[in-house]
Amino acid sequence: MSQHAAPSPGRPTHGTGAPRSADRSSGWVTGGVVFAGVLMLLNGALAVLQGIAALAEDDVYARVGSYVYELNLTGWGVIHVILGALVLATGYGLLKDMAWARFAGIFLASLSLIAQFLFLPYSPVWSVIVMAIDVFVIWALASRQDRADQRS
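Residues numbered from 1 in each chain as written. Predicted model: local features only at pLDDT ≥ 70, side-chain atom pairs only at ≥ 80, totals over all residues. Heavy atoms only, no water.

Draft legend 1. Main features of the overall build of the protein chain. A tally of regular secondary structure across the protein chain gives five helices and zero strands. Here the protein chain, with 152 residues, has 30% of them falling under the buried criterion. Partitioning the intrachain contacts of the protein chain with sequence separation of at least 6 by distance along the chain shows that 72% fall at a separation of at least 24. Approximately 9,600 Å² of the protein chain is accessible, and the part contributed by carbon and sulfur atoms is 67%. (Helix = DSSP H or I, 4+ residues; strand = E, 2+ residues; numbered from the N terminus. Buried < 20%, exposed > 50% of the residue type's maximum accessible area, 1.4 Å probe, protein only. Contact = heavy atoms within 4.5 Å. Areas by Shrake-Rupley, 256 points an atom, 1.4 Å probe, with all protein chains shown as cover.)

Here it is, written out as structure tokens:
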């Protein structure tokens with residue numbers, strides 16, 4: 001049996017394995033940014049496939065009734081292919097920790113959220129799922145702090 005000396009109150013606990021609250025939250029948010037990058041890669045690839053499906057055949061998607069924001073499926077296909085390719089590239093940039101990718105990711109996730117809202121009559125369940133993913137990506141990228149800010 002070995003006994004370990006307990007740290008006295010008022011002494012710092014650096015090196016004892018007890019994480020400080022700032023370390024815990026910053027590691028979690030950084031992990032959220034990596035996860036947001038992976039989600040953007042997958043979301044971009046799926047948006048490209050969704051756009052190709054809209055371009056290929058008009059009978060893949062069924063309309064769920066009349067909608068104020070009408071656009072034909074060919075237009076939606078082009079929008080999804082272009083937006084998906086940009087989201088895919090930005091997700092790759094996030095995983096490579098490029099400076100431009102964080103702000104571009106917030107902007108493109110916002111555009112994706114709006115596009116999925118407008119695409120609701122064609123694919124309601126999938127649009128709601130992608131909108132939730134986009135909200136998480138925006139939150140993860142907006143709440144990330146730079147390393148210099150965390151030290152002070």
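Draft legend 2. Quick look at the environment of Leu-95. Considering the arrangement of structural elements, one finds Leu-95 in helix α2 (residues 73-95). Here Leu-95 falls in the partly exposed class, since its relative accessible area comes to 38%. Taking the C-alpha atoms as reference, Leu-95 lies 9.3 Å from Leu-41; in sequence the two are 54 residues apart. In contact with Leu-95, not counting residues within four places along its chain, are Val-34, Gly-37, Val-38 and Leu-41.

Draft legend 3. How the structure looks around the packing of aromatic side chains. Taken as a whole and judged by the stated rule, the model has four aromatic pairs. Seen in terms of ring centroids, Trp-76 and Phe-119 are 5.6 Å apart; in terms of plane orientation they differ by 70°. Their pairing is edge-to-face. Of this pair, Trp-76 sits in helix α2 while Phe-119 sits in the loop between α3 (99-118) and α4 (124-142), and the two are 43 residues apart along the sequence. For the residue pair Trp-76 and Phe-119, the accessibility class agrees, reading buried in each case. When the ring of Phe-119 is compared with that of Tyr-122, the centres are 5.2 Å apart and the planes differ by 35°; the resulting orientation is tilted. The class for Phe-119 is buried, based on a relative accessible area of 0%. Taking relative accessible area as the criterion, Tyr-122 reaches 8% and is therefore assigned buried. In this structure an aromatic cluster arises from ring pairing among Phe-35, Phe-136 and Trp-139. (Phe/Tyr/Trp six-rings, centres within 6.5 Å; stacked < 30°, edge-to-face > 60°.)

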